[in-house]
Amino acid sequence: METSPSARVLSRRFIAGNRLEDGLAVVRELRGRGILTALDPLGENVSTEAEARAAAGNAMATLRGAIGEAAGAVLSIKLTQFGLDFSQELTLENVLPLVREAGAAGSRVEVDMESTAYTERTLAILGTMAGAGPVRGVIQAYLYRTAGDIERLNGLRVPVRLCKGAYNEPADLAMQRKADVDENYKRMATALLEKGTYPAFATHDPAMIEHVLAQRPAKDQLEFQMLYGIRRDLQERLLGEGWRVRLYVPYGEAWYPYFMRRLAERPANVWFVAKGLLR
Ligand SMILES: Cc1cc2nc3c(=O)[nH]c(=O)nc-3n(C[C@H](O)[C@H](O)[C@H](O)COP(=O)(O)OP(=O)(O)OC[C@H]3O[C@@H](n4cnc5c(N)ncnc54)[C@H](O)[C@@H]3O)c2cc1C
């Protein structure tokens, strides 16, 4: 399904395309508009070690391509694609060369945060990656453990991308009410501005952005991050005011789980997709 023509119609709002060239074309276009990028070769849990190694090769090509297109571009990855379900050793073997390559080119590897089954392992691997080169970790504001994790990454001087969180999590681990998540996002944003290292605020929520701006940060102290295809008006507004804006640009054939999370976040997207299919 993921490569069929109707699938392409379904996914094109949020995904740059199936091939690396499609992702690079978007990086180029965004660079022209003054927007930074985090290029993501889509993919999550793999079922064999060979697949994990192949993903590492693909990620290296993605990183090199992105840097070639735009000096400030970075790579964003999910550790389950590189063998997190198998072992820490295999995962590190696959991701450390990426961090070293990024460091040599003045770029960075950003490590997405997946479901709570992986939080602890992801943070542990991130700590080792940070010793090899420039990385950014992701913290999800809906988790009760978040404040401690931010302190842990601040202690390692690892920059944090703060998002609300995109997975279905149980009530003993994650806040279930939007108002609680929003409050915690604001609390964590303040903590990152006070004690963090070059934080990134990943959100399309104007209330979260206003909260960050109300702390009167310096323009070079942080960046705002948004997802490709979402709230272009807000991107333009922040750019116009002189803030750094980075878009997360996913490409690849394994778009289905990513796409489903975007639909779940906003029921109106289901109508958007249905209309696209009927046209
Ligand atoms: C750059 C970036 C990286 C991310 N990385 C991770 C990660 O590693 N791990 C993780 O768990 N989550 C990640 N997320 C997803 C995040 O956790 C949220 O699920 C998602 O961003 C929606 O939350 P919000 O802050 O935009 O606020 P919300 O309160 O959900 O939305 C605020 C407004 O944003 C717009 N909006 C939000 N989502 C959509 C959508 N899907 N389609 C259209 N409009 C929308 C709407 O106008 C909405 O009213 C990332 C998000 C961004 C922007």
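Note that the structure is a prediction, hence the values are computed from the model and not measured. (Residues numbered from 1 in each chain as written. Predicted model: local features only at pLDDT ≥ 70, side-chain atom pairs only at ≥ 80, totals over all residues. Heavy atoms only, no water.)

1. Concerning the packing of helix α6 (residues 146–155) against helix α7 (residues 178–195)
Relative to each other, α6 and α7 sit at 15 degrees, their axes nearing to 11 Å. Taken together, the axis directions place α6 and α7 in an arrangement best described as roughly parallel. Relative to α7, the crossing made by α6 is right-handed. The segment α6 lies against α7, with Thr 146, Ala 147, Ile 150 and Asn 154 engaging Asn 184, Met 188, Leu 192 and Lys 195. A breakdown of the residues in the contact of α6 with α7 according to their chemical character gives four nonpolar, three polar and one charged. (Axes fitted to C-alpha atoms, helices over the stretch in contact; angles between N-to-C directions. Helix = DSSP H or I, 4+ residues; strand = E, 2+ residues; numbered from the N terminus. Parallel < 35°, antiparallel > 145°, perpendicular 65-115°, else oblique. Left-handed = near helix turned anticlockwise from the far one by under 90°. Contact = heavy atoms within 4.5 Å. Nonpolar A, V, L, I, M, F, W, Y, C, P; charged D, E, K, R; others polar.)

2. Regarding the sheet that holds strand β2 (residues 74–77)
Taken together, eight strands build a closed barrel; the order of strands is β1-β2-β3-β4-β5-β6-β7-β8 and the barrel is parallel. Averaged over all pairs of adjacent strands, the angle between strand axes in this sheet comes to 25 degrees, irrespective of strand direction. Pairing analysis gives four bridges linking strand β7 (residues 223–227) to strand β8 (residues 245–251), with the strands arranged parallel. Pairing of Phe 224 across the sheet is with Val 245, part of β8. (Pairing = 2+ DSSP bridges.)

3. Details of the side chain of Arg 161
Relative to the assigned elements, Arg 161 resides in strand β5 (residues 160–163). Using a relative accessible area of 7% as the deciding quantity, one classes Arg 161 as buried. Within polar-contact distance, the side chain of Arg 161 engages the side chain of Gln 225 at 2.9 Å. Not counting chain neighbours up to four residues away, the residues in contact with Arg 161 comprise Ser 76, Glu 110, Asp 112, Arg 136, Gly 137, Val 138, Ile 139, Ala 200, Ala 202, Gln 225 and Tyr 248. (Buried < 20%, exposed > 50% of the residue type's maximum accessible area, 1.4 Å probe, protein only. Polar contact = N/O pair within 3.5 Å; in protein donor to acceptor, adjacent residues only side chain to side chain.)

4. A closer look at unusual backbone geometry
Its identity as a non-glycine residue notwithstanding, Arg 157 has a phi of 55 degrees, on the positive side. Topologically, Arg 157 is positioned in the loop between α6 and β5. Although it is not a glycine, Arg 231 sits at a positive phi angle of roughly 50 degrees. Checked against the element boundaries, Arg 231 lands in the loop between β7 and α9 (232–240). Judged by relative accessible area, Arg 231 falls into the partly exposed class, the value being 33%.

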